[in-house]
Amino acid sequence: NKQAIFTFGNYKIACTLIEGRFPNYNAVIPTNNPRKMVINTKDLYNTIKRVSVVANAASKLIKLQIANNTIEISAQDNDYNMSGVESTACQYEGDPISIGFKAPYVLELLNNIGTENTLLELSDPTRPGLFLPYEAESQNGDLLMLLMPMMI
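In this report, the structure presented in the accompanying data block is examined. (Residues numbered from 1 in each chain as written. Predicted model: local features only at pLDDT ≥ 70, side-chain atom pairs only at ≥ 80, totals over all residues. Heavy atoms only, no water.)

## What about the overall build of the protein chain?
Regarding its fold elements, the protein chain presents two helices and 11 strands. Scanning the protein chain from its N terminus toward the C terminus, one meets helices and strands in the order β-β-β-α-β-β-β-β-β-α-β-β-β. With the principal axes as the frame, the protein chain shows a C-alpha extent of 55 × 35 × 35 Å. Looking at the protein chain as a whole, 38% of its 152 residues qualify as buried. Sequence-distant contacts, at least 24 apart, represent 57% of the contacts inside the protein chain between residues at least 6 apart. (Helix = DSSP H or I, 4+ residues; strand = E, 2+ residues; numbered from the N terminus. Buried < 20%, exposed > 50% of the residue type's maximum accessible area, 1.4 Å probe, protein only. Contact = heavy atoms within 4.5 Å.)

## Structural notes on the sheet that holds strand 5 (residues 70–77)
Spatially, 6-5-4-8 is the arrangement adopted by the four strands of the open sheet, whose pairing is antiparallel. Only two strands of the sheet have a single partner each, and these edge strands are strand 6 (82–89) and strand 8 (97–102). Taking the axes of each pair of neighbouring strands and ignoring which way they run, one obtains an average angle of 20 degrees across the sheet. Examined bridge by bridge, strand 5 and strand 6 share eight bridges and lie antiparallel to one another. Bridge pairing in strand 6 places Q76 opposite S83. (Pairing = 2+ DSSP bridges. Axes fitted to C-alpha atoms, helices over the stretch in contact; angles between N-to-C directions.)

## Considering the nonpolar core
Counting 29 residues, the largest nonpolar core has I48, I66, I71 and F131 as its most contacted members. Residue assignment for this core shows that the elements contributing at least two residues are strand 3 (35–40), helix 1 (41–51), strand 4 (61–67), strand 5, strand 8, helix 2 (103–111), strand 9 (117–122) and strand 11 (145–147). Per element, the largest residue contribution to this core is five residues, and it comes from helix 2. For I48, the contacting residues outside a window of four places in its chain are I62, I73, A103, V106, L107 and L110. (Core = buried A, V, L, I, M, F, W, Y, C linked by side-chain atoms within 4.5 Å.)

## With respect to the pairing of strand 9
With six of its six residues buried, strand 9 lies for the most part within the structure. The alternating pattern of strand 9 places N117, L119 and E121 on one face and T118, L120 and L122 on the opposite face, and all of these are buried. Note: strand 3 against strand 9, six bridges, orientation antiparallel. Residue pairing across strands places N40 opposite N117, the latter belonging to strand 9. Note that strand 9 and strand 10 (residues 129–133) share four bridges and pair antiparallel. Its bridge partner lying in strand 10, L120 is registered against F131. Two successive antiparallel strands, strand 9 and strand 10, enclose a turn made up of six residues.

## A look at the sheet that holds strand 3
With antiparallel pairing, five strands are arranged side by side in an open sheet as 7-3-9-10-11. Of all strands in the sheet, those with a lone pairing partner are strand 7 (91–93) and strand 11, marking the two edges. With strand direction ignored, the average angle separating the axes of adjacent strands in the sheet is 20 degrees. Where helix 1 meets the sheet, its contacts fall on strand 3 and strand 9, and the angle it forms with strand 3 comes to roughly 90 degrees. Running over the sheet, helix 2 touches strand 9, strand 10 and strand 11 and is turned about 170 degrees from strand 11.

And the structure:
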C-alpha cells in the first residue's frame, strides 16, 4: 500500500508513496508573461557555455540582457578580474529586460528541451522564467521548465 513499482524491460523502479497535503504547484507558475523570446536552442546553449567559463566560481551567475531582437549574455568574476560578453540574435516581444540565472541550471534545461528552438517567457527580473519547447510538433508538448532568477 505504501510503495509503487514500475517495470520497464529489465529495469525496475520502486518508490515510496507519501501521504499528506502538498502545495499547489500551479500557483508558482507565472501565467502573465509579457516578455517572450524565441531563440535557437543550440546557439543559446553554446553561447552560455562559452560565457559561463568566466563566471564567478561560487555563484555561476550569468546575466541576460534582452532587447531589440538581441540577447546579450555576460558573466564576470571580480575575484580574478575576468569578464565575458557575447550577443546573439533572437525573436523578442516586450520591453527590455535584464535577468540573472545560474548558468549550469540554464544549460541543463536547454540540454533537455529537445527542439530546435526554445521559448523563454519572462514577467520581471524577480519572477521565475519559463523555458518551453517552441515547435508545436514537439514530442515534449507538455514540457514546462521553470527557473528562479538570481539577483544581479
